[in-house]
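Below, each chain spelled out in residue letters.
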Amino acid sequence: MATKKYTVTLPEELAEAIRAEVGPGGFSRYVTHAIERQREQDRLGELVDWLEAEYGPVAEEELAQAEAERQEIERKHAELARARRAAGEDVPEPSRKAA
């Protein structure tokens with residue numbers, strides 16, 4: 001992919017925290033990844049808007065059921081990872097992202 005240099009303004013504390021985490025040369029890659037993720041979220045939001053316009057909003061009960069299923073999947077994955085670590089397999093620790 002071709003690249004081009006742009007100038008953006010960021011809060012200094014945020015930029016320095018990112019630089020400290022990613023090390024030399026990783027800042028652009030980190031920012032690129034963050035922008036790609038935001039674009040994915042924007043597209044998903046557009047899809048949700050379209051689906052709700054087409055089929056109506058998702059009921060609260062359905063949202064609660066989907067969240068319970070998501071939590072159960074995460075619990076099973078965490079349990080599996082713990083078992084694999086206990087067996088001596090090289091399994092990375094889970095990230096602590098907000099759900």
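A short tour of the structure in this document, coming up. (Residues numbered from 1 in each chain as written. Predicted model: local features only at pLDDT ≥ 70, side-chain atom pairs only at ≥ 80, totals over all residues. Heavy atoms only, no water.)

Overview of the packing of aromatic side chains
Working step 1: Here the structure, examined in full by the defined rule, presents 1 aromatic pair.
Working step 2: Ring plane angle 85° and centroid distance 6.4 Å describe the contact between tryptophan 50 and tyrosine 55, whose orientation is recorded as edge-to-face.
Working step 3: Seen from the ring of phenylalanine 27, arginine 19 lies directly overhead, with NZ or CZ sitting 4.4 Å from the centre. (Phe/Tyr/Trp six-rings, centres within 6.5 Å; stacked < 30°, edge-to-face > 60°. Lys NZ or Arg CZ within 6 Å of the ring centre and 35° of its normal.)

A short note on the pattern of salt bridges
Working step 1: If you walk through the whole model with that rule in mind, you get 8 salt bridges.
Working step 2: The partner of lysine 76 in a salt bridge is glutamate 72, with the nearest N and O atoms 4.0 Å apart. Remark: glutamate 72 and lysine 76 occur in helix H3 (residues 60–86); sequence separation between them is 4 residues, near one turn of the helix.
Working step 3: Since its relative accessible area comes to 49%, lysine 76 is described here as partly exposed.
Working step 4: Owing to a relative accessible area of 31%, glutamate 72 belongs among the partly exposed residues under this scheme.
Working step 5: Linked by salt bridges that have partners in common, Glu72, Arg75, Lys76 and Glu79 make up one network. (Salt bridge = Lys/Arg side-chain N within 4 Å of Asp/Glu carboxyl O. Helix = DSSP H or I, 4+ residues; strand = E, 2+ residues; numbered from the N terminus. Buried < 20%, exposed > 50% of the residue type's maximum accessible area, 1.4 Å probe, protein only.)

Scope: geometric values only; no functional claims are made or implied.
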